[in-house]
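Residues per chain are reported as follows:
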Amino acid sequence: MGYDLSMRVWRGDVDSGELAPYTVPVEEGEVVLDAVHRLQATQAPDLAVRWNCKAGKCGSCSAEVNGRPRLMCMTRLTDYDPDETITVTPMRTFPVVKDLVCDVSYNYEKARELPAFAPGPPDPDGKRRMMQADVERGQEFRKCIECFLCQNTCHVIRDHEENKPAFAGPRFFLRYAELDMHPLDTNDRRQLAQEAAGLGMCNITKCCTEVCPENIKITDNAIIPMKERVVDRRYDPLVWLGSKIFRRDERTEV
Amino acid sequence: MAEFERHSYDVVVIGAGGAGLRAAIAAHDAGARTAIICKSLLGKAHTVMAEGGAAAAMGNLWPDDSWRVHFRDTMRGGKMLNNWRMAQLHAQEAPERVLELEEWGALFDRTPDGLISQRDFGGHRYARLAHVGDRTGLEMIRTLQQRAVALGIDVFMECTVTEVLTDDGAVAGAFGYWRESGRFIVFETPSIVLATGGIGKVYEVTSNSWEYTGDGHALGLRAGAPLINMEFVQFHPTGMVWPPSVRGILVTESVRGDGGVLKNSEGERFMFNYIPDFFKAETADTEEEADGWYDDKKNNRRPPELLPRDEVARAINSEIKAGRGSPHGGVFLDIASRRSPEFIQRRLPSMYHQFKELADVDITAEPMEIGPTCHYVMGGVEVDADTGASAVTGLYAAGEVSGGMHGSNRLGGNSLSDLLVFGRRAGLNAAYYAGRLSESRPQVSERDVTAAGKAALAPFSDAGRVDENPYTLQKDLQATMQRLVGIIRTREELTQALVELETLKERAKHIQVEGHRQYNPGWHLALDLANMLLVAECVATAALEREESRGGHTRDDFPLPSEDWGSKNLVLTEKDGVVSLKHQPLQTMPGELQQLFEEE
Ligand SMILES: Cc1cc2nc3c(=O)[nH]c(=O)nc-3n(C[C@H](O)[C@H](O)[C@H](O)COP(=O)(O)OP(=O)(O)OC[C@H]3O[C@@H](n4cnc5c(N)ncnc54)[C@H](O)[C@@H]3O)c2cc1C
Ligand code: SF4
Ligand code: SF4
Ligand code: FES
């Protein structure tokens, strides 16, 4: 049931590169990452590629398959016609290091800019009580495997290097939203999300949601509610007036 | 010789899984200037793949649970070969460590009272695993990673350590390379915490990733730290078997914890035929009792599907051998006929996803095909229970790379909690030691640095020899281990394995890699292979010596446990490439703990 797959894989580094043609035998049930591994083992031993779990859990193997941002380990070859040539290229939004590996440090920088979780004191018995219903939204966001495919896809920074300093990207809007909705957090990051993280630059096109392998409703469940919360904070006349005097929700603005 | 990039720290933690991150946080909190080094990107370590949960006797659902019960379960699961002090500390401190994660932002599933929910797992008397659906490891690593970032701890990612450097027997530093550029890097530090995880990649069918090449085991051994319990390798009973490309990928034990059962091709729930005497008293012997247990643990005993992993893996192996396997060489794991689709999707979302996407199987409608897969190594660097210190001054180890805690078999869920408890202890003690040293730190010798650099570049040097491809060599090593040092072992096969390993070692000297130093996986693998070969030899050597069956070590020629063997560990050391082995009596458990095993 196996067949010879024809592939084009981007080979190169920061300076230059090209799509190199390969033909590689593949077996039933295989995914794109299997084909890439077989290439590595038999034809291109120095082909650079990231992977860890091979089960869609670690978010390492992000790339673009026929131009579509995907996890290589979750992209089955049966999705393509056996006659079709599959083209694999690195994520476009990040500088390439070598072959399919790119420099994703932008994301780690954005993570550092985000003020941490700050809970209040626990209950007298040392435990913390939260209801399942209240943690479910946050749990949806914490399914994120940091594959950075959403970051790669977002048009605000794809092909717009100049926007990167002021834009944290959908993965981190998710994180702002998660913390904002956390029942125990005492920080108010709404202003920061809007200004420093660039939430305002997002025009809710939902492209990020479409590529998320964890099926997180990034736009509907995180970004839009977060935008509303920012608006609440800024234009609610009572809060506006009173924000210097008393805090409506007793959180500390960071 | 060119000047290498150099850094100086009080504590260097090698590994950014649960153990490494927790160690780094502890070292940082103790005031040490701390660095974390890891082979992959931050957040991608193996811990991210853990599914089921972290075991901690919090008693949120079963108030009768306590550290004593957890301790007892752990020791019995390890067939009493565990370092009792580690098992004790682990059971005592796990609840606090799990609660601490909440402090740092973790969102565990809740009980109706709003407390952390706990789930059933094999070998645990009570529902004890704190979890988030079936992606607990992700929650844990993200929480620790976010904490470490918030504390501003330096992280060197995609950086691989190839040598621990010593000065007069004490840790002086570490040598490594950046994966991206291939350039070398030297760390000067008096304290190193090894937190590099396991060795599963030496087997063909494994749930482990490319990183599991036994680096820390080999680094420790070469620096002079003995390994213990290396004959004990855990084969998880339930790995995917089909399609071939996903063979070995884990199917979490939570499937059974949440009600799934094992069946053979005749539809028989065969685990009832495999209840060993050791666990008879606590295991249900009828389906009614087994099914009643999920809701009423007082009046029913545990289903045999939830026996410790070594028992279940062996049973599956026997069924397949007896010709009662599934079409693709496994057996059936069925939750579809036992729980509602809604329940399954809520409790096991990533299993649902994994089977749907990778195997076209809807686990809410049909059974899964599963079979044993190499999962975890019980053996590792021998450490002091309280401090995580190895025999080498300044060298600490925590997590899967350390040995002793789990004895001959680890219970599910006990690893994640182990990482937290002993990661913290190792980090603290590494920091204390560095603090006490003041000015008189061991020095990195230039000679060692030059030698380490030369060794790392060896695969590039073309001395006109036969070329060996590192990928082929790895495949051959995996085949040897799978065939001869697998679940069921014999003297003949183990002897043969050692012969084949010698040949492989010889071939490894002729590895020739292509391309440049920049992000070159062929080169990286060539360097990892040296470690894999060394740990493989340790596993086979110890397995040949131990003439009994216990936990993760089953000898067809010695099918029963023996009292004599039950009182000792096998300790491995290495000098000039030669592995040697000695017997060492277990530490005796104090009377008050022994009592826990007498009152049945
Ligand atoms: C699929 C799966 C599911 C599991 N589910 C559970 C579960 O439900 N409950 C449970 O308790 N346990 C579970 N386990 C076991 C548990 O996840 C692991 O034992 C545990 O995560 C190991 O953690 P660690 O911190 O020791 O190492 P890891 O998390 O593996 O981290 C090792 C780190 O060391 C780094 N490293 C290795 N070598 C080097 C080197 N030479 N130089 C630099 N860095 C290096 C790696 O990059 C990595 O960062 C599961 C394991 C698997 C594979
Ligand atoms: S919805 Fe916003 S964040 Fe998502 S892709 Fe569109 S602009 Fe980017
Ligand atoms: S939100 Fe989804 S797409 Fe974005 S990084 Fe997380 S898992 Fe990937
Ligand atoms: S390898 Fe982990 S997500 Fe693909």
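How each quantity is defined
- Residues numbered from 1 in each chain as written.
- Chains lettered and ligands numbered in written order.
- Predicted model: local features only at pLDDT ≥ 70, side-chain atom pairs only at ≥ 80, totals over all residues.
- Heavy atoms only, no water.
- Salt bridge = Lys/Arg side-chain N within 4 Å of Asp/Glu carboxyl O.
- Helix = DSSP H or I, 4+ residues; strand = E, 2+ residues; numbered from the N terminus.
- Buried < 20%, exposed > 50% of the residue type's maximum accessible area, 1.4 Å probe, protein only.
- Core = buried A, V, L, I, M, F, W, Y, C linked by side-chain atoms within 4.5 Å.
- Contact = heavy atoms within 4.5 Å.
- Buried area = accessible area lost by both parts, 1.4 Å probe.
- Polar contact = N/O pair within 3.5 Å; in protein donor to acceptor, adjacent residues only side chain to side chain.
- Nonpolar A, V, L, I, M, F, W, Y, C, P; charged D, E, K, R; others polar.
- Near = heavy atom within 4 Å.
- Areas by Shrake-Rupley, 256 points an atom, 1.4 Å probe, with all protein chains shown as cover.
- Phe/Tyr/Trp six-rings, centres within 6.5 Å; stacked < 30°, edge-to-face > 60°.
- Pairing = 2+ DSSP bridges.
- Axes fitted to C-alpha atoms, helices over the stretch in contact; angles between N-to-C directions.
- Domains from an automatic or database assignment.
- Expected span 1.5 Å × (residues − 1).
- Arc of directions from axis to C-beta.
- Parallel < 35°, antiparallel > 145°, perpendicular 65-115°, else oblique.

A word on the pattern of salt bridges
- Per the stated rule, a full pass over the model turns up 75 salt bridges over all chains.
- The salt bridge partner of Glu311 of chain B is Arg314 of chain B, with a shortest N-O separation of 3.3 Å. A residue pair is termed a helical-turn pair when its members lie 3 or 4 positions apart in one helix, as Glu311 of chain B and Arg314 of chain B do in helix 9 (residues 309-321) at 3 residues. Here Glu311 of chain B and Arg314 of chain B have matching classes, each one buried.
- Each of Arg142, Arg175 and Glu178 of chain A together with Arg135 and Glu139 of chain B takes part in salt bridges that share partners, so that together they form one network.

A look at the nonpolar core
- Judged by nonpolar contacts, the single largest core of 229 residues is most densely connected at Met7 and Met72 of chain A together with Leu477 of chain B.
- Broken down by element, the residue count for this core peaks at 14 residues, all from helix 16 (residues 521-545) of chain B.
- Once you skip the residues sitting within four places of it in the chain, Met7 of chain A turns out to touch Ala20, Pro21, Tyr22, Val24, Val32, Ala35, Val36, Leu39, Thr85, Ile86 and Val88 of chain A.
- Counting residues in each nonpolar core, the second largest holds 9 residues, with Phe71, Trp84, Met589 and Phe597 of chain B among its members.

Some points on the interface of chain A and chain B
- Each partner contributes to the interface: chain A provides 57 residues, whereas chain B provides 62 residues.
- A buried area of about 5,000 Å², summed over both sides, lies between chain A and chain B, and 54% of it is on carbon and sulfur atoms.
- Connecting chain A to chain B are 6 salt bridges.
- A salt bridge links Glu139 of chain B to Arg142 of chain A, with the shortest nitrogen-to-oxygen separation between them at 2.5 Å.
- At the junction of chain A and chain B, the tally comes to 40 residue pairs in polar contact (both at pLDDT 80 or more).
- Listed by contribution, the elements that provide at least two residues to the side of chain A that touches chain B are helix 1 (32-42), strand 6 (96-98), helix 2 (105-112), helix 3 (132-141) and helix 5 (170-180) of chain A.
- With 4 residues, the top contributor of residues to the side of chain A that touches chain B is helix 3 of chain A.
- Considered class by class, the residues forming the side of chain A that touches chain B number 27 nonpolar, 11 polar and 19 charged.

Looking at the site of ligand 1
All names here are of chain B.
- Taken together, 40 residues form the shell around ligand 1, and within it Thr47, Glu211, Tyr212, Asp215 and Glu400 come nearest.
- One of the backbone N or O atoms of Ala195 is found 3.4 Å from an oxygen atom in ligand 1.
- At 2.7 Å, a side-chain N or O of Glu400 approaches an oxygen atom of ligand 1.
- Summarising the interface, the protein chains cover 99% of the accessible area of ligand 1, which totals 1,000 Å² for the free molecule.
- Among the elements that line the shell around ligand 1, the one with the most residues is helix 12 (residues 414-437), at 4 residues.
- Of the residues contributing to the shell around ligand 1, the split by class is 16 nonpolar, 18 polar and 6 charged.

Remarks on the packing of aromatic side chains
- Scanning the entire structure with this criterion turns up 18 aromatic pairs over all chains.
- Between Phe167 of chain A and Phe173 of chain A, the ring centres sit 5.3 Å apart and the planes meet at 85 degrees, which makes this aromatic pair edge-to-face.
- Considering the side-chain rings of Trp293 of chain B and Tyr294 of chain B, the 5.3 Å spacing of their centres and the 70 degrees angle between planes classify their relative orientation as edge-to-face. Neither residue differs from the other here; Trp293 of chain B and Tyr294 of chain B are each classed as buried.

Thoughts on the sheet that holds strand 4 (residues 68-71) of chain A
Residue and element names in this part refer to chain A.
- In spatial order, the strands read 2-1-5-3-4; together these 5 strands make up an open sheet with mixed pairing. Of all strands in the sheet, those bounded by a partner on one side alone are strand 2 (17-26) and strand 4. Going across the sheet, the axis of each strand differs from the next one's by a mean of 35 degrees, ignoring polarity.
- Sheet topology note: the strand 3 (residues 62-65)/strand 5 (residues 86-89) ladder contains 2 bridges and is antiparallel. Paired with Val65 across the strands is Val88, a residue of strand 5.
- Together, strand 1 (3-12), strand 2, strand 3 and strand 5 form the strand contacts of helix 1, whose direction differs from that of strand 2 by roughly 100 degrees.

Topic: the domain arrangement of chain A
All names here are of chain A.
- On domain assignment, one finds that chain A holds domain 1 (3-102) and domain 2 (105-253).
- In this structure, domain 1 and domain 2 have C-alpha centres spaced 32 Å apart.
- Contact with domain 1, which involves 16 residues of that partner, is made by 18 residues of domain 2.
- Both sides of the domain 1 and domain 2 interface together cover about 1,300 Å² of buried area, and 51% of this is carbon and sulfur.
- Of all residues in domain 1, Pro69, Thr93 and Phe94 give up the largest surface area on contact with domain 2, accounting jointly for 42% of the area buried on that side.
- Our enumeration of links across domain 1 and domain 2 arrives at 2 salt bridges.
- Two residues, Arg92 and Asp159, come together in a salt bridge whose shortest N-O distance is 2.4 Å.
- The tally of links from domain 1 across to domain 2 stands at 7 residue pairs in polar contact (both at pLDDT 80 or more).
- Among the elements of the structure, strand 3 and strand 4 are those that each provide at least two residues to the side of domain 1 that touches domain 2.
- Ranked by the residues each element gives to the side of domain 1 that touches domain 2, the list is headed by strand 4, at 4 residues.

Brief notes about the site of ligand 2
- With respect to spatial proximity, the complete set of residues near ligand 2 consists of Cys154, His155, Pro170, Cys202, Asn203, Ile204, Thr205, Lys206, Cys207, Cys208, Thr219 and Ile223 of chain A.
- Where the shell around ligand 2 is concerned, the elements lending two or more residues are helix 7 (207-211) and helix 8 (218-235) of chain A.

Structural notes on helix 15 (residues 491-508) of chain B
All names here are of chain B.
- With 18 residues, helix 15 should reach 26 Å at 1.5 Å per residue; the first-to-last C-alpha distance of 25 Å fits that figure.
- Within helix 15, the full set of buried residues consists of Leu494, Ala497, Glu500, Leu501 and Leu504. For helix 15, the arc enclosing every buried residue in end-on projection is 120 degrees, short of the 170-degree limit, so these residues lie on one face.
- Each element contacted by the buried residues of helix 15 is listed here: helix 14 (470-484), strand 20 (488-489), helix 16 and strand 21 (554-555).

Looking at the packing of helix 5 (residues 215-223) of chain B against helix 16 of chain B
Residues and elements named next belong to chain B.
- At their nearest, the axes of helix 5 and helix 16 sit 8 Å apart, and the two run at 80 degrees to each other. By the angle class used here, helix 5 and helix 16 are roughly perpendicular. Contact with helix 5, carried on its side by Asp215, His217, Ala218, Leu221 and Arg222, involves Asp528, Asn531, Leu534, Val535 and Cys538 of helix 16 and no other residues of that element.

A short note on the sheet that holds strand 1 (residues 5-8) of chain B
All names here are of chain B.
- If you walk across this open sheet you meet the 4 strands as 1-10-9-8, and the pairing is mixed. Here the strands that pair on one side only, and so sit at the sheet edges, are strand 1 and strand 8 (159-167). Taken pair by pair, the neighbouring strands of this sheet meet at an average axis angle of 25 degrees, ignoring direction.
- The pairing of strand 8 with strand 9 (residues 170-178) spans 8 bridges and is classified as antiparallel. Directly across from Thr166, in strand 9, lies its bridge partner Val171.

Structural notes on the packing of helix 14 of chain B against helix 15 of chain B
All names here are of chain B.
- Running from amino to carboxyl end, helix 14 crosses helix 15 at an angle of 170 degrees, the nearest separation of the two axes being 9 Å. On the basis of their axis angle, the class for helix 14 and helix 15 is roughly antiparallel. Between helix 14 and helix 15, the contacting residues are Thr472, Leu473, Asp476, Leu477, Thr480, Arg483 and Leu484 on the first element and Glu493, Leu494, Gln496, Ala497, Glu500, Leu501, Leu504, Arg507 and Ala508 on the second.
- Its residues assigned to classes, the contact of helix 14 with helix 15 shows 8 nonpolar, 3 polar and 5 charged.

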